[in-house]
Amino acid sequence: MKDVGNFSTGSVWRHIVALAVPMTAAQLVQVVYNIVDRIYIGHLPGADSLALTGLGLTFPVITLVGAFTNLFGMGGTPLCSIARGRNDAQRAEKIIGNTFTMLCISSLVMMLFCYSFLKPILYLFGASDRTFPYARQYLLIYLIGTPFIMLGTGMNGFINSQGFAATGMFTILLGAAANIILDPVFIFGLDMGIAGAALATVLSQMLSAVWVLHFLTGTQTRLRLSRRWMKPERKVMLPVLALGISPFIMQSTEALLNISFNSSLQRYGGDPAVGAMTVASTIMQIVWIPTQGIGQGSQPIISYNYGAKNPQ
């Protein structure tokens, strides 16, 4: 987990391992948290597993938030690495600043849109009269944290792209650890139920976002998030959008599939079927962790060497 800034020298596989292992470990902790979180919600007194089903109905919204995060985050981080490879620090910092601004704007638009159409959205996603109150309780609080969630995830890629693997890992671990601690306190200790789970998530993501922004504006980073580069520029954002549209479409279609599953399951199997899909979706996340870790660990190295004209 040594922090390495120059990806054009040394062993390629060591660079990949140095980035992939921390990313994989952090994602594993996050998935373990998700499983524990679902266990808590699935055993809420008097909820009869309806709370877990209600949580599953919010997954398409959460996935769409992730899609917009990837549109700018996964569009910007490879270009930032390419600029680093070219020794063009100014353009790299412009990409960081522009991405920050677009994440802020899109998070506010997403939040306002979902609040405005919350009820029809959830019924479209497969809610019933029994599960709607749980899904509504969760989203009313969760959506407040949309800016923190998008900034923490979207900007963390710029930490990893500079070779700060341990720091990027700590971002995810910080949020997951805080969530694990706060969940039982809010859900059972303060008797907040599913709303407590949402509040724990918002506060945890806020900690992660603060940590990311503190690092990117501090003295240890190689590239800084600077106010002077936050004004969106067409020549900066168009390449970011062009590169980010692919992961955006992939994750958006995943949300559409989730909506289709939930609405069909609600129609033919009722609330228990939607709840079962929630459990299955949570477990299936584990399958993707090694693939995502290796892919995300390789990307900054490939992009950096592309920018450095070092194709070998």
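Just so it is clear, the model here is predicted, and its values are computed rather than measured.

Chemist: It is not clear to me how the side chain of Thr 58 should be interpreted in this structure. Could you clarify?
Modeler: Summarising the element assignment, Thr 58 is placed in the loop between α2 (50-57) and α3 (59-85). In contact with Thr 58, other than residues within four places in its own chain, are Ala 135, Tyr 138 and Leu 139.

Chemist: Help me understand the packing of aromatic side chains in this model?
Modeler: Working definition: an aromatic ring pair is given by the centre-to-centre distance plus the angle between the planes. Evaluated as defined, the whole model comprises eight aromatic pairs. Considering the side-chain rings of Tyr 40 and Phe 188, the 5.7 Å spacing of their centres and the 80° angle between planes classify their relative orientation as edge-to-face. Of the two residues, Tyr 40 sits in helix α1 (residues 12-42) while Phe 188 sits in helix α8 (residues 165-189), which places them 148 residues apart along the sequence. Relative accessible area serves as the criterion here: at 22%, Tyr 40 is assigned to the partly exposed category.

Chemist: Would you take a moment to explain the confidence of the model for the chain for this structure?
Modeler: In regions of low pLDDT, the predicted coordinates are not meant to be interpreted in detail. Of the residues in the chain, 97% reach a pLDDT of 70 or more, and the chain-wide mean stands at 86. The secondary structure element of the chain with the lowest average pLDDT is α1, at 80, and the one with the highest is helix α4 (residues 89-116), at 94.

Chemist: Whenever I open this one, unusual backbone geometry confuses me. Can you help?
Modeler: Trans peptide bonds make up most of the peptide bonds, and negative phi angles are found at most residues other than glycine. A positive phi angle, near 60°, is found at Asn 87, a position not held by glycine. Looking at the secondary structure, you find Asn 87 in the loop between α3 and α4. Classification of Asn 87 by relative accessible area gives exposed; the value is 71%. With a phi close to 55°, Asp 191 is a non-glycine residue in the positive phi region. Counting through the fold element by element, Asp 191 comes out in the loop between α8 and α9 (194-216). You can call Asp 191 exposed: its relative accessible area is 67%.

Here is what the cut-offs are and how they apply
Residues numbered from 1 in each chain as written. Predicted model: local features only at pLDDT ≥ 70, side-chain atom pairs only at ≥ 80, totals over all residues. Heavy atoms only, no water. Helix = DSSP H or I, 4+ residues; strand = E, 2+ residues; numbered from the N terminus. Contact = heavy atoms within 4.5 Å. Phe/Tyr/Trp six-rings, centres within 6.5 Å; stacked < 30°, edge-to-face > 60°. Buried < 20%, exposed > 50% of the residue type's maximum accessible area, 1.4 Å probe, protein only. pLDDT = per-residue confidence, 0-100.

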